[in-house]
Amino acid sequence: MTAYSGSALVMSWIHAGGTVAIEGDFRSATYEPSIDLYDATAGADANKSYIAGVKDGRVSISCVMQSKGTALTNALKEGTPGTLIIGPEGTAATNPKYTIPGIAMGARFNFPYNDVVEFTCDIQQNGVRTDGVY
């Protein structure tokens, strides 16, 4: 299997105000799908057992803050609903594409004294992720 670089990532946030590209400023991105587990252990069970519950997920992004660049941080204001499109290997035909409805949790800023300013933002999954291809 061939590996690929994270720099191939294409990511956009589609919301009521339009579509913003994230990949030009991103430094890192993580997606953590999760699921609730319901404890089904009972009686004389010697080991815990579980039933799978509802699915969930969260995307975390870290980006370089551009001078006077507010379009992306405004689009990611806390409470903004939208759809996140992630293409981890770019947009060439047959590359994977993940479509995640979500709610932006708001940009958090880091203003270091002697380094580039960055912001981070989490997007809480808010519905079913669609796995597809370009």
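Residues numbered from 1 in each chain as written. Predicted model: local features only at pLDDT ≥ 70, side-chain atom pairs only at ≥ 80, totals over all residues. Heavy atoms only, no water.

Undergrad: I keep staring at the pairing of strand 5 (residues 81-87) and nothing clicks. Help me out?
TA: The side chains of a regular strand alternate, first on one face of the sheet and then on the other. Within strand 5, five of the seven residues are buried, leaving the element largely enclosed by the surrounding structure. Examined bridge by bridge, strand 1 (residues 10-15) and strand 5 share six bridges and lie antiparallel to one another. Looking at strand 5, one finds that Met 11 is bridged to Ile 86. Of the pairings in the sheet, the one linking strand 5 to strand 6 (residues 96-110) comprises six bridges and is antiparallel in character. Within strand 6, the position partnered with Leu 84 by the bridge is Ile 100. (Buried < 20%, exposed > 50% of the residue type's maximum accessible area, 1.4 Å probe, protein only. Helix = DSSP H or I, 4+ residues; strand = E, 2+ residues; numbered from the N terminus. Pairing = 2+ DSSP bridges.)

Undergrad: I tried to follow the nonpolar core on my own but got confused; where do I start?
TA: When a protein is soluble and globular, its nonpolar side chains tend to lie buried together. Formed by 20 residues in total, the largest nonpolar core has its most connected members in Trp 13, Ile 22, Ile 61, Leu 76 and Leu 84. Those elements that provide at least two residues to this core are strand 1, strand 4 (50-64), helix 1 (71-75), strand 5, strand 6 and strand 7 (118-125). Residues within four places of Ile 61 in sequence aside, it is in contact with Met 11, Ile 22, Ser 28, Ala 29, Leu 76, Phe 119, Thr 120 and Cys 121. (Core = buried A, V, L, I, M, F, W, Y, C linked by side-chain atoms within 4.5 Å. Contact = heavy atoms within 4.5 Å.)

Undergrad: Any chance you could explain the pattern of salt bridges here in plain terms?
TA: Tallied over the entire structure, the rule returns five salt bridges. A salt bridge links Asp 122 to Arg 108; the nearest nitrogen and oxygen atoms lie 3.8 Å apart. Residue Asp 122 is located in strand 7, and its partner Arg 108 is located in strand 6; the two are separated by 14 residues in the primary sequence. Residue classification places Arg 108 among the partly exposed positions, given a relative accessible area of 41%. Within the structure, one salt-bridge network assembled from shared partners comprises Arg 58, Arg 108 and Asp 122. (Salt bridge = Lys/Arg side-chain N within 4 Å of Asp/Glu carboxyl O.)

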